[in-house]
Amino acid sequence: MPYQNTSSRQDPDTEIATDYPPGAMVAVQLPLAVGGAYDYRLPVDAGVYAGAFVLVPLGRRQEVGVVWGPASGGLPESRIRPVTDILSVPPLPEVVRRFVDWVAAYTLHPRGTVLRMAMSVGSVFSGQPPPPRAGYHLGEAAIPADSVRVSAQRRKVLEAAGRSPGLPASELARAAGVTAGVVRGLAAAGLLRAVPLDSGARFGLPDPRRPGPVLSPSQAAAATHLTSRVAEGGFGVTLLHGVTGSGKTEVYFEAMAGVLEQGRQALVLLPEIALTAQWLDRFAARFGTRPAPWHSELGDAARRDTWRGVAEGRARVVVGARSALFLPFPDLGLIVVDEEHESAFKQEDGVAYHARDMAVVRARLGEHPVVLASATPSLETLTNVERGRYHRVHLPDRHGGASMPTVSVIDMRREPPEKGSWGPSWLSPPLVAEVSSTLASGEQAMLFLNRRGYAPLTLCRNCGHRLHCPNCSAWLVEHRTTGLLQCHHCAHAIRLPRACPSCSAEDRFAACGPGVERVAEEAAARFATARIAVMTSDTLSGPAAAESLVRRVMAHQVDLLIGTQIMAKGYHFPLLTLVGVVDADLGLGGGDLRAAERTLQLLGQVSGRAGRADRPGRVLVQSHDPTHPVIAALVDGDPEAFYAVETEQRRLARMPPFGRLVGLIVSGSEAARVDQAAAELARTAPRGAGVLVLGPAPAPLAYLRGRHRRRLLLKTDLEVRVQPLLRAWLAMVKPAAGVRVQVDVDPYSFN
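Below: a short report on this structure. As the structure is a computational prediction, the values presented were derived from the model and not from experiment.

1. Re the pairing of strand S29 (residues 691-704)
Each regular strand displays side chains that alternate between the two surfaces of the sheet. In this structure, S29 lies alongside strand S30 (residues 707-716), joined through eight bridges in antiparallel fashion. Residue pairing in the sheet places tyrosine 703 in a bridge with histidine 708 of S30. Between S29 and S30, which pair antiparallel one after the other, the connecting turn spans two residues, and arginine 705 there sits at a positive phi close to 50°.

2. Brief notes about the nonpolar core
Among the nonpolar cores identified, the biggest contains 66 residues, and Phe53, Trp307 and Leu325 are the most heavily contacted of them. The leading source of residues in this core is helix H10 (residues 355-366), at seven residues. Listed in part, the 29 residues of the second largest apolar core include Phe573, Leu603, Val606 and Val619.

3. A closer look at the packing of aromatic side chains
The relative placement of two aromatic rings is captured by the distance of their centres and the angle of their planes. Inspection of the entire model under this criterion finds 11 aromatic pairs. Seen in terms of ring centroids, tryptophan 102 and tyrosine 106 are 4.9 Å apart; in terms of plane orientation they differ by 15°. Their pairing is stacked. One end of the pair, tryptophan 102, and the other, tyrosine 106, are both in helix H1 (residues 94-107), four residues apart, so they sit about a helical turn from each other. Ring centres of phenylalanine 253 and tryptophan 279 lie 5.6 Å apart, and the angle between their planes is 75°; on these two criteria the pair is classed as edge-to-face. Of the two residues, phenylalanine 253 sits in helix H7 (residues 248-261) while tryptophan 279 sits in helix H8 (residues 276-287), which places them 26 residues apart along the sequence. A single burial state applies to phenylalanine 253 and to tryptophan 279, both of which are buried.

4. Some words on the pattern of salt bridges
Scanning the entire structure with this criterion turns up 36 salt bridges. Here glutamate 312 ties to arginine 308 by a salt bridge, and the two come within 3.3 Å at their closest N and O atoms. Residues arginine 650 and glutamate 597 are paired through a salt bridge, measuring 2.8 Å at the closest nitrogen-oxygen approach. Residue arginine 650 is found in helix H17 (residues 639-653), and its partner glutamate 597 is found in helix H15 (residues 595-607); the two are separated by 53 residues along the sequence. Through salt bridges with shared partners, a single ionic network connects Asp281, Arg290 and Arg551.

Rules and cut-offs
- Residues numbered from 1 in each chain as written.
- Predicted model: local features only at pLDDT ≥ 70, side-chain atom pairs only at ≥ 80, totals over all residues.
- Heavy atoms only, no water.
- Pairing = 2+ DSSP bridges.
- Helix = DSSP H or I, 4+ residues; strand = E, 2+ residues; numbered from the N terminus.
- Core = buried A, V, L, I, M, F, W, Y, C linked by side-chain atoms within 4.5 Å.
- Buried < 20%, exposed > 50% of the residue type's maximum accessible area, 1.4 Å probe, protein only.
- Phe/Tyr/Trp six-rings, centres within 6.5 Å; stacked < 30°, edge-to-face > 60°.
- Salt bridge = Lys/Arg side-chain N within 4 Å of Asp/Glu carboxyl O.

Note that all results are geometric; they support no functional claim without further evidence.
Structure below.
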């Protein structure tokens with residue numbers, strides 16, 4: 001249904017066909033933690049479509065809500081208050097409203113809480129027109145005058161301005177990785193000129209007929225399959241399963257071209273916003289313009305323009321984080337979930353949902369295809385392929401004739417690191433030798449350790465006291481780049497105290513264990529002439545910083561890249577031929593159901609960064625347990641053998657995807673009240689065939705952000721409908737004030 005502005009009052013002699021006529025009683029859903037809608041009366045001179053955004057009174061304040069349907073009729077008309085205003089905003093599409101209803105019912109969260117995710121841009125609903133915007137583009141002078149000094153930062157701004165028809169100073173600065181002052185200085189020097197911007201200028205029109213790269217036979221076959229699914233229309237899920245470097249992105253670009261030919265919209269979900277840097281360049285090369293990005297680093301003006309651009313159909317392609325699923329697409333024709341196996345797609349704060357699974361639901365409701373792309377698919381997705389629910393297309397070879405890297409294991413029990421003058425060492429002699437050889441040949445190397453900071457633990461040598469977070473059951477992680485000890489759960493941070501708080505001994509603290517900063521310290525000592533860069537979520541503040549680093553690596557301004565999982569996927573560096581995994585065993589311990597699967601996926605992805613062009617790649621894996629099935633599968637290049645064993649173990653244990661799990665976390669500031677509520681939940685727990693409740697027990701993070709936490713786990717057979725079971729169970733328990741029960745259907749984390 002096309003958008004019509006119904007905010008202006010209607011001529012009484014003119015009838016406009018709307019879903020709800022003037023004066024009608026309607027149910028308005030507010031984006032608050034309430035399950036149901038409230039009844040209101042429309043003005044006598046204005047009707048609305050279902051999904052219209054309206055301003056309504058709630059107590060003594062005014063709230064923006066969505067017309068969800070006809071009034072429930074539970075109140076006498078005399079008590080129903082009138083709608084204050086009808087906003088000039090495109091209505092929330094019917095398919096998005098059904099999606100909100102579905103997610104709320106599945107996750108057991110109030111509908112209003114889920115709706116809030118679809119209304120995450122408050123300025124859209126302010127009722128005020130957006131202020132006129134100005135941007136900057138390259139000035140008339142193509143070459144700077146001799147009197148104008150062009151620093152490296154200024155050159156980055158000029159390059160970014162040349163790639164855009166015009167950007168506001170803040171966004172141009174972000175794209176170049178500099179401050180806005182650098183942009184203003186270039187404007188004052190005449191190298192940038194101000195240009196007026198309208199909200200639509202942000203969204204170029206992708207050209208689906210623009211020639212793309214020549215596809216290999218396997219790529220062409222996969223692309224034909226996907227484009228035929230788009231042409232046929234209707235719902236369907238396809239797993240695009242290709243080895244690292246096989247060109248999966250170019251294949252699903254062809255499906256996107258088909259959707260754009262139909263005049264419809266497309267959405268691509270990426271697990272990390274840092275991944276958008278190279279992806280945006282590849283999209284622009286294929287379609288002639290960049291898509292609309294959607295992530296937490298966007299400013300409010302950009303979010304407002306993108307939200308409206310999506311709602312009005314002007315933003316044809318969006319690439320974003322999981323929250324982009326809740327954008328108001330009126331005519332979505334394709335969803336792509338890239339790196340579908342990534343646990344980052346699972347949201348655990350607020351509404352607990354998995355974006356991959358909800359993308360499948362959104363596609364089913366919209367009756368269009370969805371593509372799940374991965375080199376290391378999740379066991380859930382592979383099981384759905386085996387059951388015939390999903391199709392699979394396979395890319396078995398790397399693109400352009402590149403070969404898969406050779407993988408070797410270094411047994412750290414036999415070849416331990418040699419201590420250096422800088423202190424403890426974490427790199428074994430064979431790995432040091434290979435890095436030296438690689439750098440000497442003019443190639444690039446990568447060292448991978450999935451642990452941020454300098455050291456995960458700091459303790460007193462005198463008494464053994466460990467510095468811990470006062471708000472969480474976690475040790476403080478030392479970050480030497482900032483000079484802080486920081487909690488990675490609540491962000492509490494302190495300077496390293498001189499005296500131990502337990503024994504008062506001074507200057508007796510020792511850093512224990514390695515983080516990437518400590519590996520970088522050793523690398524700087526061992527490879528003194530190498531240009532080293534550290535790539536973690538701490539060092540990359542957003543997409544602009546990631547793009548800047550990627551361009552430095554591509555320009556061979558970096559010899560050795562050291563980082564965490566953020567650099568393990570999606571990047572293509574032609575000169576990178578060696579990957580060293582510092583601690584391959586990290587993540588294999590503990591009680592996480594998916595620990596082994598996640599480790600295989602992560603190590604497989606990071607290994608895939610090596611040898612993606614015409615130079616062969618090598619991967620060296622340091623391990624204290626070389627016979628572990630994950631390490632063996634990685635070295636043998638046989639993940640199918642691992643998945644076969646893992647699948648059978650899960651099947652026998654009736655664990656996902658062969659059973660259902662629901663996590664319940666009881667939390668509060670007073671431990672006694674939390675224990676009482678948890679015990680009451682255990683006493684009233686459902687029982688029966690195929691139903692088992694485990695706990696309560698202290699959560700692994702038993703104290704988090706100042707709240708004590710107890711966990712219960714509901715385990716059921718697949719045939720059991722857990723939502724009605726949970727509703728009935730939770731209705732029997734009324735926790736004391738200050739105690740909260742969080743429900744996580746299909747949990748991924750067991751913290």
